[in-house]
Amino acid sequence: MSKKVRRILLGFALGMIAICFLGSSERKADASAATYIKSIKDGMNLGNTYETGVEETKIKNSVTAKKIVQNLKNQGYTTIRLPITVNKHFDTKTGVVKDSYYKEIEVMLKAAIDENLQVILTMYGDSYQWLNNMSDQKATVSLYKKVWKQIALHYKSYSDLLSFEGANAPYYDNKKQSQQLTILTTMNREFVKTVRSTGGKNSNRTLFISTLNGAVTNETCNNMVSAYKKLNDDNVAVSIHYYGLWSFSVNACGDTTFNQNVKKDISTFFKLVNSKFIDNKIPVVCTEYGLYGQEREPESINSGEQQKYYEEFLYQVKKAKLPVILWDNGKLYDREQGTWFNEALQKLFVAAKTTRSSYVSTDSIYLKKGGKAQDVTVSLTLHNGSLKKIQADGKNLVLNQDYQVKGNKVTIKEDYLKQVQIQHAADLGKYQTLQFVFTKGAPFEVNIYGYNSTVLSTNTGTVKEFKIPVVFKGDRLVTMEAFNTSHQVRGPITYSAYQEFGNAFEPEYENGVIRLTKAFLSTLKEEQTILVFHFASGETKTYTIKRTKDVIEEINYKKTTITSPSPAATLAPTATVTPTQVPTATAVVTPASTADSVAAMSPVDGGKKSNNNIIYSIFLGIIILLLLVYSLYFLRKRSMQKTLLEQEGKEKSTGSSIDK
């Protein structure tokens, strides 16, 4: 074989190697978990989609699944976290998972991979259904390993876009924290060891291990750092959660606003994440973030206060370069329609990727029916920008006529508010939305409401449920206090009179009632309990009930009735009641369905690649191949020219000798 042929073949081989190297649309098999999480950027949990029970909403239609995935991709999400539950879908002796289990989520899993999205498959409901039971630790650990071995074997050749999470926010019943941390270390070690032993792509697949309960505290982080280092596996990453300061996240203990305590909790979270994981180059992902109260009722936390919370959190996310995955159970985002229920919140999420957003001190102005309008002044918190304009119904308000600006103070003028009142003279509820537009970031909405004093009526019920008939008259319920005639706190929360929204009480505006829950009523003693309801207008209403055995009835207890006359125009409350004790967010279990859980998955061709990436890679390979061939041709031509010159030189030299 000539040198020329050998060189051409060598060039061709190098070109093919380039094609193979560049042609993969997936993560290299030997890449670290750090590489995997860098491409997560922003993700969305599919909530309790695959939980059985009343919330079960399995996606069985491939067209629907594809639409959901494409909608998420269009929103900029690169990752889907798929919480599954294998409980009741495997043999408790052998750990063998039923084939039907894998088929249940085949459609969604395949749709995500086909769109080149990463999927984190996490064992979800099992964490609180059987993995938390360590009365027989050896048996539980053994079964856990068997189940994961079955799942890992099923997916050993599956796309590298798929990763596994051993358990969602694990915790263990009837154990001290020190004992739980020791058990968790064992469980995480066995999870990694079991998956790796199945070979194939599982030898290098990214695996996530969670801190105790997903919490970020000194204790949980120190334990994880130690356990992580002992694993000595570059393809393992840490999973953590964040739902904010607990009292604010659920609307309890009087923390109804984004105050300094809430902001400090965010700061503490990121200090720990940075110092424990990021600074030590330990791959970490916040696989769940949000607010607990949103899962029960999005309005349990004031919309404007939600925006302030997310603005601060996402700013810190960007600074730390921490990959995050939003938790949503269908209350924030309509997956099939690809739209957000709260458009203002969606605009904030988009803006947060590039800049900070400014906001207003309140998102509500209340005008009392028949009252005289007055100037209303609000303050601005400005981040990287200034107020550009205020709009209502697409029209700009006139500066110095409809509103005035002095520093960070904005005053909505009395005449403007009076005009709004006149336009809606026959209405109650939302009158108008003022959109504060800033030079940078997302706009902030301030709603103008018309209201009259709420009217509560008498009723009788039981300890299982008690409903207070209410005529809301345009007002909204913010929170509720509960105490007896000696002002001793009553309710599930014993260290603050302010009870938890949704867990102790909940307004049902469409039905005209405030519902007191069994969780609240069952804690009451056979005595009088005084309830003080705080409304967004600033007004309060007192309602007294008495328990006699299992019967609850309203009584007229006028001595403690609180009267709080409101001005004609008021702002939504911005002051926060300071509780005597506030638990931290890290002590709370991740919100989960209490129903039995089911989830499933199914095999998909692990070699599936994006057509666009393949075409692009082949194109690059061809270019490289052509360059190599041209280089060889050029070198060969130079070599031939040199040879010819040498021959001519010899001939001239020979000719000269003969002449002489």
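Scroll up to find the structure.
Every chain's residues receive numbers from 1 upward, in the order its sequence appears when written. In keeping with the predicted nature of the model, local features appear solely for residues at pLDDT of at least 70, side-chain atom pairs appear and are counted solely at 80 or more, and the whole-chain, interface and lining totals rest on all residues. Calculation of side-chain values draws on the structure's entire complement of heavy atoms; hydrogens and water are dropped beforehand.

Engineer: So what exactly am I meant to see when it comes to the overall build of the protein chain here?
Structural biologist: Segments assigned H or I by DSSP are reported as helices when at least four residues long, segments assigned E as strands when at least two residues long, and all are numbered from the N terminus. If you tally the helices and strands in the protein chain, you get 17 helices and 29 strands. Each residue is assigned to one of three classes by its accessible area relative to the maximum for its type, calculated with a 1.4 Å probe on protein chains only: buried under 20%, partly exposed between the two thresholds, exposed over 50%. Out of the 660 residues in the protein chain, the part that is buried amounts to 53%. Whether two residues are in contact is decided by their heavy atoms: any pair within 4.5 Å suffices. For the protein chain, the proportion of contacts with a sequence separation of at least 24, taken over those separated by at least 6, is 75%. Note on areas: Shrake-Rupley, 1.4 Å probe, and residue coverage restricted to the protein chains presented here. For the protein chain, the exposed surface amounts to about 30,500 Å²; the carbon and sulfur share of it is 51%.

Engineer: Looking at this structure, how should I read the nonpolar core?
Structural biologist: If you look at soluble globular proteins, the nonpolar side chains tend to sit buried side by side. Ranked by size, the top nonpolar core spans 123 residues in total, and within it L82, I151, F269, F313, I412, L434 and F436 carry the most contacts. In this structure, L477, A482, A504 and I514 belong to the second largest nonpolar core, which totals 22 residues. Residues grouped as a nonpolar core are buried Ala, Val, Leu, Ile, Met, Phe, Trp, Tyr and Cys residues, joined through side-chain atoms within 4.5 Å.

Engineer: Sorry, what's going on with the environment of Q401 here?
Structural biologist: If you trace the backbone, Q401 turns up in the loop between strand 15 (395-396) and strand 16 (403-406). C-alpha of Q401 to C-alpha of K413: the two residues are 12 residues apart in sequence and 7.3 Å apart in space.

Engineer: Got a minute to help me understand the packing of aromatic side chains in this structure?
Structural biologist: The way to describe two aromatic rings as a pair is by their centre distance and the angle between their planes. Centres within 6.5 Å make a pair out of two Phe, Tyr or Trp rings, where for Trp the six-membered ring is used; the pair is then stacked when the planes are under 30 degrees apart, edge-to-face when over 60, and tilted otherwise. This model, assessed by the stated rule, comprises 28 aromatic pairs. Where F90 meets W130, the ring centres are 5.4 Å apart and the plane angle is 50 degrees; that geometry is what we call tilted. Residue F90 is located in the loop between strand 2 (79-84) and helix 4 (99-104), and its partner W130 is located in the loop between helix 6 (126-129) and helix 7 (137-154); the two are separated by 40 residues in the primary sequence. Each member of the pair F90 and W130 is classed as buried. Three or more aromatic residues joined by ring pairs form one cluster here, namely Y242, F248, F269, F270, Y289, Y309, Y310, F313, Y333, W340 and F349. In this structure, R356 packs its charged tip against the face of Y315, placed 3.7 Å from the ring centre. A cation over a ring is seen here: R476 above Y509, with NZ or CZ 3.7 Å from the ring centre. Both a distance and an angle decide whether a charge sits over a ring: NZ of Lys or CZ of Arg must be within 6 Å of the ring centre and within 35 degrees of the ring normal.

Engineer: In this structure, what is going on with the layout of surface pockets? I would like to understand it.
Structural biologist: It is a probe the size of a water molecule, rolled over the atoms, that shows where empty space is left. Two kinds of site are reported from a 1 Å grid over the protein atoms alone, namely cavities, where a 1.4 Å probe fits but cannot get out, and pockets, open sets with protein on both sides within 12 Å along at least five of seven lines, and residues are called lining when an atom falls within 4 Å of a point. Grid points are joined across faces, edges and corners, and a volume is the space filled by probe spheres set on the points. By volume, the largest pocket amounts to about 820 Å³. Every residue lining the largest pocket is counted, 38 residues in all, and those nearest its centre are E299, I301, N302, S303 and D363. Elements supplying a minimum of two residues to the lining of the largest pocket: helix 13 (303-320), helix 14 (343-351), strand 12 (364-368), strand 19 (444-451) and strand 23 (477-484). With five residues, the single largest contributor to the lining of the largest pocket is helix 13. Grouping the constituent residues of the lining of the largest pocket by class yields 14 nonpolar, 15 polar and nine charged. Here the second largest pocket is characterised by a volume of approximately 670 Å³. Ten residues, namely Ala, Val, Leu, Ile, Met, Phe, Trp, Tyr, Cys and Pro, are considered nonpolar, four, namely Asp, Glu, Lys and Arg, are considered charged, and the remaining ones, Gly among them, are considered polar.

Engineer: Sorry if this is basic, but what is going on with the sheet that holds strand 25 (residues 513-516) here?
Structural biologist: Backbone hydrogen bonds hold the strands of a sheet together, and the pairing may be parallel or antiparallel. Read from one edge to the other, the open sheet built from four strands follows the order 20-22-25-24, with strand pairing classed as antiparallel. Two strands bound the open sheet, and with one partner strand each, they are strand 20 (455-456) and strand 24 (505-508). At least two bridges found by DSSP between two strands are what make those strands a pair.

Engineer: Quick question: what am I supposed to make of the pattern of salt bridges here?
Structural biologist: Any carboxyl oxygen of Asp or Glu that lies within 4 Å of a side-chain nitrogen of Lys or Arg is treated as forming a salt bridge with it. Within this structure, the stated rule accounts for 19 salt bridges. In this structure, E288 and R81 form a salt bridge, with 2.8 Å as the shortest nitrogen-oxygen distance. Of this pair, E288 sits in strand 7 (residues 284-289) while R81 sits in strand 2; the two residues are 207 residues apart in sequence, bridging distant segments of the chain. Both residues of the pair, E288 and R81, count as buried. In this structure, K110 engages D114 in a salt bridge whose closest nitrogen and oxygen atoms are separated by 2.9 Å. Of this pair, K110 and D114 both sit in helix 5 (residues 106-114), four residues apart, roughly one helical turn. By relative accessible area, K110 is classed as partly exposed at 36%. Residues joined in a network through salt bridges with shared partners are R81, E165 and E288.

Engineer: Would you mind showing me how to read empty space enclosed by the protein here?
Structural biologist: Applying the stated criterion across every chain, the model contains four cavities of 30 Å³ or more. Taken as a whole, the second largest cavity encloses approximately 70 Å³ of empty space. The wall of the second largest cavity is formed by S127, L131, Y144, G166, A167, P170, Y171, Y172, L184, M187 and N188. In terms of residue count, the dominant contributor to the lining of the second largest cavity is helix 8 (residues 177-197) (three residues). Of the residues that constitute the lining of the second largest cavity, the class distribution is eight nonpolar, three polar and no charged.

Engineer: Help me understand helix 3 (residues 62-74) in this model?
Structural biologist: Every α-helical turn comprises 3.6 residues, leaving residues that sit three or four positions apart pointing alike. By definition here, a helix of n residues has an expected span of 1.5 Å times n minus one. Helix length check: helix 3, at 13 residues, gives a terminal C-alpha distance of 18 Å against a target of 18 Å (1.5 Å per residue), a fit within 8%. For helix 3, the complete set of buried residues consists of A65, I68, V69, N71 and L72. Looking straight down helix 3, one finds that the buried residues subtend no more than 160 degrees of arc, so they occupy a single side. Those residues of helix 3 that are exposed and angled more than 90 degrees off the buried face are V63 and N74. What the arc covers is the set of directions going from the helix axis to the C-beta atoms.

Engineer: Explain the packing of helix 7 against helix 8 here, please?
Structural biologist: In helix packing, the relevant descriptors are the interaxial angle and the interaxial distance, both defined with respect to the helix axes. Direction vectors running N to C along helix 7 and helix 8 enclose 30 degrees, while the axes themselves pass 9 Å from each other. With respect to helix 8, the axis of helix 7 lies roughly parallel. Helix 8 is crossed by helix 7, and the crossing has right-handed handedness. Residues Q137, V141, Y144, K145, W148, K149 and A152 of helix 7 touch helix 8, and the partners they reach there are I183, M187, E190, F191, T194 and V195. Whenever a helix is involved, its axis is fitted only over the stretch in contact; in every case the axis is a line through C-alpha atoms, and angles between N-to-C directions fall within 0 to 180 degrees. Here the word oblique covers every angle except those under 35 degrees (roughly parallel), over 145 (roughly antiparallel) and from 65 to 115 (roughly perpendicular). In a left-handed crossing the near helix is turned counterclockwise from the far helix by less than a right angle, and in a right-handed crossing that turn is clockwise.

Engineer: Honestly, the side chain of Q180 in this entry has me stumped. Any pointers?
Structural biologist: Along the chain, Q180 turns up in helix 8. Setting aside residues up to four positions removed in sequence, Q180 forms contacts with Y171, Y172, K175 and L212.

Engineer: Where do I start with the environment of N218 in this structure?
Structural biologist: Mapped onto the elements of the fold, N218 is located in helix 9 (residues 218-231). In this structure, N218 is in contact with L272 and K276, ignoring residues within four places of it in sequence. There is a polar contact of 3.4 Å between the side chain of N218 and the side chain of K276. Polar contacts here mean pairs of N or O atoms no more than 3.5 Å apart (in protein, one a potential hydrogen donor and the other a potential acceptor; neighbouring residues in sequence count only if both atoms are side-chain atoms).

Engineer: What am I meant to see in the environment of T454 here?
Structural biologist: Looking at where T454 falls in the secondary structure, it is placed in the loop between strand 19 and strand 20. Overall, the relative accessible area of 4% leaves T454 in the buried class. Sequence separation between T454 and R476 is 22 residues, and the spatial gap between their C-alpha atoms is 9.1 Å. With near-sequence residues (within four places) excluded, T454 lies in contact with V470, V471, F472, D475, F535, E539 and K541. One polar contact links the side chain of T454 to the main-chain carbonyl oxygen of F472, over a distance of 3.2 Å.

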